[in-house]
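A structural walkthrough
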Amino acid sequence: MSITGRPQDHRSLPASLAGGSDLAGGFPPGFLWGAATSAYQIEGAVREDGRAPSIWDRFVIRPGAIFQGQTGDVAADHYHHMEEDVALMARLNLRAYRFSIAWPRVLPQGTGPVNERGLAFYERLVDTLLARGIEPLVTLYHWDLPAALEDRGGWLVRDTAQAFAEYAEVVARRLGDRVRWWITQNEPWCSSYLGYALGIHAPGMHDKQLAVTVGHHILLSHGLATQRLRSVLPHGAQIGIALDFYPVYAADERPETLQAVEQADTFRNRWFLDPLFRAEYPTSLFSVLGVAPPPVHADDLAVIATPLDFLGVNYYSRMLVRGVIASSAASSPGSPGYEVIERIPGAAYTDMGWEIFPEGLEVILTRLHREYRPKALLVTENGAAFEDHWHGGDSVHDWQRIHYLQTHIEALSRALAQQVPLKGYMVWSLLDNFEWAFGYSKRFGLVYVDYSTQRRIVKDSGRWYASFIAAQRR
Ligand code: GCO
């Protein structure tokens, strides 16, 4: 079925798409079927109950930074709709929910005094989830660094790594008796490269050398926090990190293209993966980036490679690259010598312009299992933006998202059949939300948000996912 055709009414879809569950089975009992969000993208209430500004509160007011000057000031107002949203999760039969904690809501100055009202919100959220039988998965950092720490150097200084470990301990001591799954950092590649090299994310800097220093301090913060969490959490806590991966494919067989695949893989995947699982940076990374190594202290890499219980995988699409002769390198951001092919004849794309490529999820999961041997894997994000339309009723027909979920869940099933130790799948996202530089122009939710009224409308994909989960073994 072409999925680039006109969206159809979901009732005319084959059973497997319309809500049936004749997907390949093979999912183990206890598999964590869930959805994911992040604090800045859904909460709103940015100046409420003691929350202090983050670097994103500062970045969004920069002229031209965000689509139509939109901000996360209100977002999906989850801060005031939390109970309703958890009820929606239960309606979707979610078994797990991945959310992030806003550091500036808990420690407004980044260190020092705890903002009890801020921490109390997350305590209420966790208790409400547990009361519904939904497993909470906490992401400690999803990009909203307290502005007070930015004023003291932010991720450019090592002290922030230590401050992150202290923040992690504060949260773990309060929630550790109820939260089993802990993700330290979300997508350090994005925090570092989009924030400090390309300038399209907070804090909006344009210096690859800074990006590499930031990446190192974020990795160090992860290692220090992992050790801190291990020391305060009960036995059985699951500690991990969420990285975004793009399997890299060659557009042709030319030697320069095969070399380009290596470069792109080093830049996009191995930059953070190798320090975490091999206690070393890939040898070619800094030359590929054209930078000097970051300021690595003696035992940094041993700390960074502190053993983990799982690796979180954020997957959206693949990279297809073509080598170009070095002299004419139309250099793709950060890596000279290749170009990324953005449009492929016959391929289908999401509203973000990302190629829909479910096989890539199987490829990345089996590769990580084969080459890095994490104890467990968890898909911490997978989903798609499509142009969703709501016409005022109780439904939103998004058959393309149903097809997207079905084909990517089938990829999970194939990975499990290859003994990948996969423990769960979090759809990005539960709700339509603030898509960073794209503002609210991109909708990823299983649930549509009418931002003018904050009304939630479950999309057909949410109904489909609910019926799929209901059909799985508990
Ligand atoms: C990311 C972030 C999410 C995004 C999602 C869609 O992976 O970039 O974790 O915050 O909103 O991935 O781009």
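Structural notes, computed from the coordinates.

So, how was this worked out
- Residues numbered from 1 in each chain as written.
- Predicted model: local features only at pLDDT ≥ 70, side-chain atom pairs only at ≥ 80, totals over all residues.
- Heavy atoms only, no water.
- Helix = DSSP H or I, 4+ residues; strand = E, 2+ residues; numbered from the N terminus.
- Buried < 20%, exposed > 50% of the residue type's maximum accessible area, 1.4 Å probe, protein only.
- Contact = heavy atoms within 4.5 Å.
- Polar contact = N/O pair within 3.5 Å; in protein donor to acceptor, adjacent residues only side chain to side chain.
- Axes fitted to C-alpha atoms, helices over the stretch in contact; angles between N-to-C directions.
- Parallel < 35°, antiparallel > 145°, perpendicular 65-115°, else oblique.
- Left-handed = near helix turned anticlockwise from the far one by under 90°.
- Nonpolar A, V, L, I, M, F, W, Y, C, P; charged D, E, K, R; others polar.
- Pairing = 2+ DSSP bridges.
- Near = heavy atom within 4 Å.
- Areas by Shrake-Rupley, 256 points an atom, 1.4 Å probe, with all protein chains shown as cover.
- Salt bridge = Lys/Arg side-chain N within 4 Å of Asp/Glu carboxyl O.

A few words now on the environment of Val-214. Of note, Val-214 is situated in helix H10 (residues 208-232). Here Val-214 falls in the buried class, since its relative accessible area comes to 0%. With 48 residues separating them in the primary sequence, Val-214 and Glu-166 have C-alpha atoms 18 Å apart. Those residues in contact with Val-214 that sit more than four places away from it in its chain are Trp-155, Leu-156, Ser-192 and Tyr-196.

Moving on, we come to the side chain of Gln-41. As for its position among the elements, Gln-41 is in helix H2 (residues 39-42). Take Gln-41: its relative accessible area is 1%, and that puts it in the buried class. At 2.9 Å, the side chain of Gln-41 and the backbone oxygen of Phe-434 are in polar contact. Once residues lying within four places of it in the same chain are set aside, the contact partners of Gln-41 are Ala-75, His-142, Trp-428, Asn-433, Phe-434, Glu-435 and Trp-436.

Turning our eyes to something else, we now look at the packing of helix H14 (residues 359-372) against helix H15 (residues 399-416). Orientation of H14 relative to H15, taken along the N-to-C sense of each, is 30°, at an axis distance of 8 Å. The pairing of H14 with H15 is recorded here as roughly parallel in orientation. Crossing hand, H14 versus H15: right-handed. Of the residues in H15, those in contact with Glu-359, Leu-361, Glu-362, Leu-365 and Thr-366 of H14 are His-408, Ala-411, Leu-412, Arg-414 and Ala-415. Residue composition of the contact of H14 with H15, by class: 5 nonpolar, 2 polar and 3 charged.

With that settled, consider the sheet that holds strand E6 (residues 248-250). One open sheet accounts for 3 strands, arranged E6-E8-E9; its pairing is mixed. Bordering the open sheet on either side are E6 and strand E9 (338-340), each of which pairs with just one other strand. Ignoring strand direction, the axes of neighbouring strands in this sheet form an average angle of 35°. Sheet topology note: the E6/strand E8 (residues 319-323) ladder contains 3 bridges and is parallel. Counterpart to Val-248 in the pairing with E8 is Met-319. Sheet strands touched by helix H11 (residues 255-278): E6, E8 and E9. Its angle to E8, the strand with the most contacts, is close to 135°.

Along the chain, the position of Gln-454 falls in the loop between strand E12 (447-450) and strand E13 (455-458). Those residues in contact with Gln-454, other than ones at most four positions away along the chain, are Val-74, Ala-75, Ala-76, Asp-77, His-81 and Val-449.

The environment of the ligand is formed by Gln-41, His-142, Trp-143, Asn-186, Glu-187, Tyr-316, Trp-354, Glu-381, Trp-428, Glu-435, Trp-436 and Phe-444. Here His-142 contributes a side-chain N or O atom positioned 3.0 Å from an oxygen atom of the ligand. A distance of 3.1 Å is found between an oxygen atom of the ligand and a side-chain nitrogen or oxygen belonging to Asn-186. The protein chains hide 95% of the 310 Å² of surface that the ligand would expose on its own. Looking at side-chain class alone, the shell around the ligand contains 6 nonpolar, 3 polar and 3 charged residues.

So, on to the sheet that holds strand E11 (residues 422-428). Picture the strands of a sheet paired through backbone hydrogen bonds; they go either parallel or antiparallel. Taken in spatial order, the 8 strands of this closed barrel run E1-E2-E3-E4-E5-E7-E10-E11, and their pairing is parallel. The average undirected angle you get between the axes of adjacent strands in this sheet is 25°. Helix H6 (residues 116-131) rests against strand E2 (96-100) and strand E3 (135-141) of the sheet, and its axis sits at about 170° to E2.

Before going further, it helps to spend a moment on the pattern of salt bridges. Side chains carrying opposite charge are able to pair once their charged atoms draw close together. Counted according to the given criterion, the structure contains 36 salt bridges. The closest approach of N and O atoms between Asp-274 and Arg-278, which form a salt bridge, is 3.7 Å. Highlighted residues: Asp-274 and Arg-278, both in helix H11, separated by 4 residues, approximately one helical turn. The class of Asp-274 is buried, set by a relative accessible area of 0%. Look at the salt bridges and you will find they share partners, linking Glu-116, Glu-123, Asp-127, Arg-174, Asp-177 and Arg-178 into a network.

A few words now on the packing of helix H4 (residues 78-91) against H6. For the pair H4 and H6, the least separation of the axes is 10 Å and the interaxial angle reads 10°. Relative to H6, the element H4 is oriented roughly parallel. Judged by the sense of rotation from one axis to the other, the crossing of H4 with H6 is right-handed. Facing His-78, Tyr-79, Met-82, Glu-83, Val-86 and Met-89 of H4, the residues of H6 in contact are Arg-117, Phe-121, Arg-124, Leu-125, Thr-128 and Leu-129. Residue composition of the contact of H4 with H6, by class: 7 nonpolar, 2 polar and 3 charged.

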